[in-house]
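Report on the structure
Given next are the chains, with one letter for each unit.
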Amino acid sequence: VHLSRRTLLKGAAALGAYGIGLGAASLYRSAEAATPVTLEAKTADALLDGQHLTKGVMTYGADGAADAMTGPPMPPTLRLRKGEPFAAKLINRLDEPTTIHWHGLRVDNRMDGVPFLTQPYVYTGDSFDYAFTPPDAGTFWYHPHCNTLTQMGRGMTGLLIVENPEDPAFDAEIAVNLRDWRLGSDGQFIEQFKPRDAARNGTFGTVRGANWQVEPAFDAPAGGLVRVRLVATDVTRIYTLKLAGADAVIVALDGQPLPAPVPLDQAVLGPGQRADLVLRMPDGEGQTVSLVDARPSTAKTVATFRATGSSLKRDLRAVAALAANPFTPPDLKNAEAVPLVLSATAENAARESFCGSLGYSFWAINKVPWPGDTSDPTAPLAELKRGRTYLLNLENLTPHLHPIHLHGMNFQVVSSSVRSVPPLISDTYLVLPDEKVQLALVADNPGDWVLHCHIIEHQKAGMTSYVRVV
Ligand code: C2O
Ligand code: CU
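Residues numbered from 1 in each chain as written. Chains lettered and ligands numbered in written order. Predicted model: local features only at pLDDT ≥ 70, side-chain atom pairs only at ≥ 80, totals over all residues.

Regarding the sheet that holds strand β19 (residues 300-308)
- The five strands lie next to each other as β11-β19-β18-β13-β16, forming an open sheet whose pairing is mixed. Here the strands that pair on one side only, and so sit at the sheet edges, are β11 (217-221) and β16 (267-269). Pairs of neighbouring strands in the sheet enclose a mean axial angle of 25°, with direction left out of account.
- Where strand β13 (residues 239-244) lies against strand β18 (residues 288-293), four bridges are found, and the strand directions are antiparallel. Paired with Ala244 across the strands is Ser290, a residue of β18. (Pairing = 2+ DSSP bridges. Helix = DSSP H or I, 4+ residues; strand = E, 2+ residues; numbered from the N terminus. Axes fitted to C-alpha atoms, helices over the stretch in contact; angles between N-to-C directions.)

Encoded structure:
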């Protein structure tokens, strides 16, 4: 795609307003050259439990962006290309404010979609133009950052795939949007959360789903190699995913390619996390492979893959590593430590907030419970100097798991107090009870970046903060 000189200058001038001359060579340049996809935030009725039409589902409608696999009302799966400009016009047809956050994508801060911190609300009837050029290829997703327990709980969790033209070709590709629904026996939404659960593991859905269906069956070529993109977009559930009936390798986690494919035993995905598998389909036509959430006591098949046609006779050992994304290696010798302590809080101050805090403070980061999205946020956790390496010393003082997500930058996992961890690059770390972990990052993207637990009740009941990169 051709960027005119004028576009580049415009972009550079706008960034200059932040006092940082990023210039056009930055990874995080805005993209004003792409034809925008329209994403209309709206409500719809949908068959989610397979039996009743659920009213008041919240979703995105799109023109020209829908993937063949996704029919309405599942939000369209967006397909971008690494290094190519992308633009989306959000039009708000809900009767409350919204925004879009591009989960896991390293974008310019103004495009990050966090009300008050990076952009104003998009009110009913208004629109907002997002534009960026993704520096990384992989499996990502998008969702609002406003009244999220309701908006995401009712459906606004869409997949976003950034293709890399250099990726090897597979015989098929299937993207699976894993999430549940909190419905009553009549198929209608019930209370989104229980305070008692919000103060523990979160409130679970009642209907387990994948791609807005109950246990969908996907066809794939017999004996073929299938790239399966698994995305955990549920507001609460932590998945332990296994395959029954076939072998597979993991080629990427949280959008980031692994240095070499790893045989799949299980993939544990907290809310927000992704795994890219390459699955070798069985040879016999009609044979099926089950994708199982194997967490004890709630074990369930969430989707199946059915072999079609005569066998392509592929070999799983032929699967090579995907090309790595750009990542500036942290300078650990000169790293500065940033404490990041997760705890429960006794301060149960219900505060007024516009954008959907739950009215409870059960959780805190560095002892400060996030007051909800407001025009007067708390001070940043830390001010990071651009280009320097930081070690986030994440410490979980709670008996619960928390998928901690950082916006705008990727970190590398350095060490854990309770397990041996590979040096994964990621945007979300699922921290175990009582675990201490070190996450290293180079502060290379200027702006205010939230970090929060992606169990949305935890996020909205205090477990949110942000760092400022200057
Ligand atoms: Cu998917 Cu603030 O995150
Ligand atoms: Cu949490």
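Following the structure, the description resumes.
Some details on the sheet that holds strand β7 (residues 138-143)
- What the four strands build is an open sheet, ordered β3-β8-β7-β5; its pairing is mixed. A strand with exactly one partner marks an edge of an open sheet, and here the two such strands are β3 (78-81) and β5 (101-103). Taking each pair of neighbouring strands and ignoring which way they run, the sheet shows an average axis angle of 30°.
- Pairing geometry for β5 and β7, over three bridges, is antiparallel. Note on β7: the bridge partner recorded for His103 is Trp141.

Notes on the UniProt feature "domain: Plastocyanin-like" (unreviewed entry) in the protein chain
- Per the UniProt record, the feature "domain: Plastocyanin-like" (unreviewed entry) sits at residues 74-166 and 372-468.
- Here residues 74-166 runs as 6% helix and 34% strand, with 29 Å between its end C-alpha atoms. (UniProt positions renumbered as here; feature names shortened; annotations may be inferred.)

Things to note about the environment of Asn410
- Mapping Asn410 onto the fold places it in the loop between β24 (402-406) and β25 (411-416).
- As for Asn410 and Arg386, which are separated by 24 residues in sequence, their C-alpha atoms are 14 Å apart.

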